[in-house]
Amino acid sequence: MADLCSPCLERLGRRVAAYRLGMCRDCFSGKPSKSIEQFGEGDFKNREKVADSQRRYRAENREKLADSQRRYKAENREKVADSQRRYYAENREKVAAYQRRYKAENREKVADSQRRYKAENREKVAAYQRRYKAENREKVADSQRRYRAENREKVAAYQRRYRAENREKLADYQRRYYAENREKVAAYKLGAVENG
Ligand SMILES: [Zn+2]
């Protein structure tokens, strides 16, 4: 029965052509209202019942469905990526809200996967950050100012640690700076002496 939608067949006795993974387009995409429209007026009053059946079917076949979806995605990378891009473009607000919720509910998981991604894509991430900073100078400076103002203690502690761990580098940098800015440094020192 691979060519018919099994939820439709098993739950509603409807013979609907399968679209993917043994489900019709609507069962697959989880939009029961469309399935009902397709069945006609008579079934419209069973909307809740149909949605229920679909939920139950999905719950009872989680592993099977997840497996088939994984396989389908692996075999249709370009197509899937395309349809995702299209969906994101058409549902920006919805997607952003979903992402916010997901991040709030999975902080540890998200942080973990970010760490992993950064570790595995150092060059790519660095290039992206350089580009972002170059294109958003004002925004970046603003958010740095705000961060420093809100985290004075943390920033001071970080700077102390950084100075302690990079003594040689900093001394080097200072020597170079002095050598390259003799005039400026002399003027600054003079000013400091005159101002007590
Ligand atoms: Zn169906």
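Rules and cut-offs
- Residues numbered from 1 in each chain as written.
- Predicted model: local features only at pLDDT ≥ 70, side-chain atom pairs only at ≥ 80, totals over all residues.
- Helix = DSSP H or I, 4+ residues; strand = E, 2+ residues; numbered from the N terminus.
- Buried ≥ 20, exposed ≤ 12 C-beta atoms within 10 Å, placed from the backbone.
- Contact = placed C-beta atoms within 7 Å.
- Expected span 1.5 Å × (residues − 1).
- pLDDT = per-residue confidence, 0-100.

A. Looking closely at the overall build of the chain. The helix and strand tally for the chain stands at 13 helices and 0 strands. Counting helices and strands in the order they occur from the N terminus, the chain gives α-α-α-α-α-α-α-α-α-α-α-α-α. Each of the 196 residues in the chain was classed as buried or not, and the buried ones make up 7%. Pairs at least 24 apart in sequence give 21% of the contacts found in the chain among residues at least 6 apart.

B. Representation of helix H5 (residues 62-75) within the structure. With 14 residues, H5 should cover 20 Å at 1.5 Å per step; its first-to-last C-alpha distance of 20 Å lies within 8% of that length. Counted residue by residue, H5 has 0 buried out of 14 residues, so it is predominantly exposed.

C. Geometry of the environment of Gly30. Inspection of the secondary structure puts Gly30 in the loop between helix H2 (25-29) and helix H3 (32-39). Separated by 21 residues in sequence, Gly30 and Ala51 have C-alpha atoms that sit 8.6 Å apart.

D. Seen up close, helix H13 (residues 182-194). With 13 residues, H13 extends 18 Å from end C-alpha to end C-alpha; this agrees with the ideal 18 Å at 1.5 Å per step. Summarising burial for H13: 0 of the 13 residues are buried, a small minority.

E. Highlighting the confidence of the model for the chain. For the chain, per-residue confidence averages 84 on the pLDDT scale, and residues scoring 70 or more make up 90% of the total. Low pLDDT, under 50, characterises residues 33-37; the predicted model gives this stretch 11 contacts beyond four residues in sequence or across chains.

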